[in-house]
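Coordinates in review
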Amino acid sequence: MLIDLRSDTVTKPSPEMLEAMMAAKVGDDVYKEDETINLLEERIAKMFGKPHAMFFPSGTMANQTAIKLHTNPGDQVICDKYAHIYNYEGGGASFNSGVSCKLIDGNRGMFNAQDVIDAINPPEFYHNPLSKLVEVENTTNKGGGACWDFKELERIKSVCTAHNLGYHLDGARLWNALVAKNETTEQYGDVFDTISVCLSKGLGCPIGSVLTGDEKFMKNALRIRKMLGGGMRQGGFLAGAGLYALDHNITRLSEDHNKAKELGEHLKMLSVVKHVEQSETNIVIFELDEVKNSNAFISKLKNYNILISDMGQGKLRLVTHLDYTNDMHSKVLDTFKALKF
Ligand SMILES: *Cc1c(COP(=O)(O)O)cnc(C)c1O
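Residues numbered from 1 in each chain as written. Predicted model: local features only at pLDDT ≥ 70, side-chain atom pairs only at ≥ 80, totals over all residues. Heavy atoms only, no water.

Re a negative patch on the surface
Note the threshold: Residues with no salt bridge and a relative accessible area higher than 30% make up the patches, which join like charges within 9 Å and nonpolar side chains (Val, Leu, Ile, Met, Phe, Trp, Tyr) within 5 Å. Note on areas: Shrake-Rupley, 1.4 Å probe, and residue coverage restricted to the protein chains presented here. We define a salt bridge as a side-chain nitrogen of Lys or Arg found within 4 Å of a carboxyl oxygen belonging to Asp or Glu. Counted as positive: Lys and Arg. Counted as negative: Asp and Glu. His and the chain ends are not counted at all. In plain terms, the charge of a residue is placed at NZ if it is Lys, CZ if Arg, CG if Asp and CD if Glu. Helical segments are the DSSP runs of H or I of at least four residues, strand segments are the runs of E of at least two, and each set is numbered from the N terminus.
On the surface, D149, E154, E186 and D190 cluster together into a patch of negative charge. Considering the arrangement of structural elements, one finds D149 in the loop between β5 (131–137) and α7 (150–162).

Structural notes on the pattern of salt bridges
Put simply, the rule reads: Between buried and exposed lies partly exposed: a residue is buried under 20% and exposed over 50% of the maximum accessible area for its type, with that area taken using a 1.4 Å probe on protein chains only.
In the structure shown here, the tally under the stated rule is 15 salt bridges. Among the salt bridges present, the one from E277 reaches R108, with a minimum N-O distance of 3.3 Å. Highlighted residues: E277 in the loop between β9 (273–276) and β10 (283–288) and R108 in the loop between β4 (100–104) and α6 (113–119), separated in sequence by 169 residues. With respect to burial, E277 and R108 carry one shared label: buried. Look at the salt bridges and you will find they share partners, linking D29, K32, E41 and R225 into a network.

Description of helix α3 (residues 59–70)
Counted only if it meets this: Each helix should span, by expectation, one fewer than its residue count multiplied by 1.5 Å.
Here α3 contains 12 residues, and its C-alpha end-to-end distance of 17 Å stays within 8% of the 16 Å for a straight helix at 1.5 Å per residue. Every buried residue of α3 is accounted for by G59, M61, A62, N63, Q64, T65, A66, I67, L69 and H70.

Here's the deal with the sheet that holds strand β8 (residues 209–213)
Short version of the rule: Strands pair, by our definition, only if DSSP identifies at least two bridges between them. Axis lines are fitted to C-alpha atoms, over the contacting stretch for helices. Their N-to-C directions set the angle, which ranges from 0 to 180 degrees. Contacts between residues were defined by any pair of non-hydrogen atoms, one from each residue, lying within 4.5 Å.
Read across the sheet, seven strands follow the order β2-β8-β7-β6-β5-β3-β4 without closing on themselves; strand pairing throughout is mixed. The sheet is open, and its two borders are formed by β2 (52–56) and β4, each paired with just one other strand. Each adjacent strand pair in this sheet contributes to an overall mean axis angle of 20°, direction not counted. The strands touched by α7 are β5 and β6 (166–171); relative to β6, the strand with the most contacts, the crossing angle is about 150°.

So, helix α12 (residues 236–248)
Helix length check: α12, at 13 residues, gives a terminal C-alpha distance of 18 Å against a target of 18 Å (1.5 Å per residue), a fit within 8%. Along α12, the residues that are buried comprise G236, A239, G240, A241, G242, L243, Y244, A245 and L246. On its buried face, α12 is in contact with α1 (15–22), α2 (35–48), β2 and α8 (174–181).

Examining the UniProt feature "domain: Aromatic amino acid beta-eliminating lyase/threonine aldolase" (unreviewed entry) in the protein chain
Stated precisely, the cut-off is as follows: UniProt positions are given in the numbering used here, feature names are shortened, and annotations may be inferred rather than shown by experiment.
UniProt records the feature "domain: Aromatic amino acid beta-eliminating lyase/threonine aldolase" (unreviewed entry) at residues 4–289, using the numbering of this structure. Across residues 4–289 one finds 42% helix and 17% strand; the C-alpha atoms that close the span lie 24 Å apart.

Some points on the site of the ligand
The condition is simple: Think of it this way: one heavy atom of a residue within 4 Å of a molecule or strand is enough to make that residue near it. By the criterion applied in these results, polar contacts are pairs of N or O atoms within 3.5 Å in which, for protein atoms, one can donate a hydrogen and the other can accept it, and in which residues neighboring in sequence qualify only through two side-chain atoms.
Of all residues adjacent to the ligand, which total 13 residues, the nearest are G59, T60, D170, R173 and K201. Here N141 contributes a side-chain N or O atom positioned 2.9 Å from an oxygen atom of the ligand. Here a nitrogen atom of the ligand and a side-chain polar atom of D170 are 2.6 Å apart. Coverage of the ligand by the protein amounts to 84% of the 380 Å² it exposes when considered alone. Residue contributions to the shell around the ligand peak at three residues, all from α3.

Comments concerning unusual backbone geometry
With an omega of -5°, the peptide bond running from N138 to T139 counts as cis. As for its placement among the helices and strands, T139 is situated in the loop between β5 and α7. The phi torsion at R108 lies on the positive side, around 55°, for a residue other than glycine. When its relative accessible area of 17% is taken as the criterion, R108 is described as buried. Non-glycine residue N305 carries a positive phi angle of around 65°. Following the sequence through the fold, N305 ends up in the loop between α14 (294–303) and β11 (306–307).

As for the packing of α8 against helix α13 (residues 253–268)
So the rule is basically this: Roughly parallel refers to an angle under 35 degrees, roughly antiparallel to one over 145, roughly perpendicular to one between 65 and 115, and oblique to any angle outside these ranges. Residue polarity follows a fixed list, in which Ala, Val, Leu, Ile, Met, Phe, Trp, Tyr, Cys and Pro are nonpolar, Asp, Glu, Lys and Arg are charged, and the others, Gly among them, are polar.
Between α8 and α13, whose axes approach to 9 Å, the crossing angle comes to 80°. It follows from the interaxial angle that α8 and α13 lie roughly perpendicular. Contacts between α8 and α13 pair W175, N176, V179 and A180 from the former with L253, S254 and H257 from the latter. A class-by-class count of the residues in the contact of α8 with α13 yields four nonpolar, three polar and no charged.

Okay, structure coming up:
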């Protein structure tokens, strides 16, 4: 039995999800004739109280589209130094939108309203790039699945409004934050101009993300998605998985969170583990006493058929997910107890 804790993207569709996919009514979505994609888009838009939503093949493409909707070449995006859009989208922000990022040195991928004020370039000072967009991530990926304080997100919204900045949420794992903090999609829809959510992470779909937002921004989204090559045809087979996941796979995320917490507690008991970041959702980031032990630690676990990721700089990462069963969990906890160094 292979136990893959590298990411929550490793899940495979369950038989029930596959059945929902096969039963989907489809059409050519480039002509807006795919009933299932239309249903998914309407459903997500309604959940967030937004007029529009659009289905994308990946979260990266949804974020890249959002950046393009908010900016012109030469503009600047304010985000945390850990941001996925800055670190893990292949330099897409500069390639696709011609923008630079002003990085905030935050805490676990999060910052506060004052940090944003300090990062804004004065718009009349034409030597600086024009600040145009504030981007936040919830939960934070590189920050170890940390959840924002919603009050801070509201304070940042006020800064954006006062300074005429767009406000985008990379909500690849927003579902995890909603469950962990008992928050609602409507709350987030009220605060952000645009929001991307992934169906292919905690919700267990094989593919798919959705971008939702206000008319002002979304009116060009169709053209940009087409330009990026993301106009799909009978994609309803994939959207069907999304609809199934929205019905069945959200509330159960708390199980992933409980397992992650337990993994963190067990890791703390290992003598080679120096620090375990507090786990609020399904990600556990931890550091070993010495960076050079990372490879040995990873390969020891691999001998037990347990896979984890190396985040670099001595940080290791575990992610729990839909396909990480109770049996696998017991086996991992037993393995941690048995590990010898
Ligand atoms: C996974 C992820 C994305 C999107 O990634 P894709 O692999 O392109 O779907 C975006 N932001 C964050 C924070 C992520 O973890």
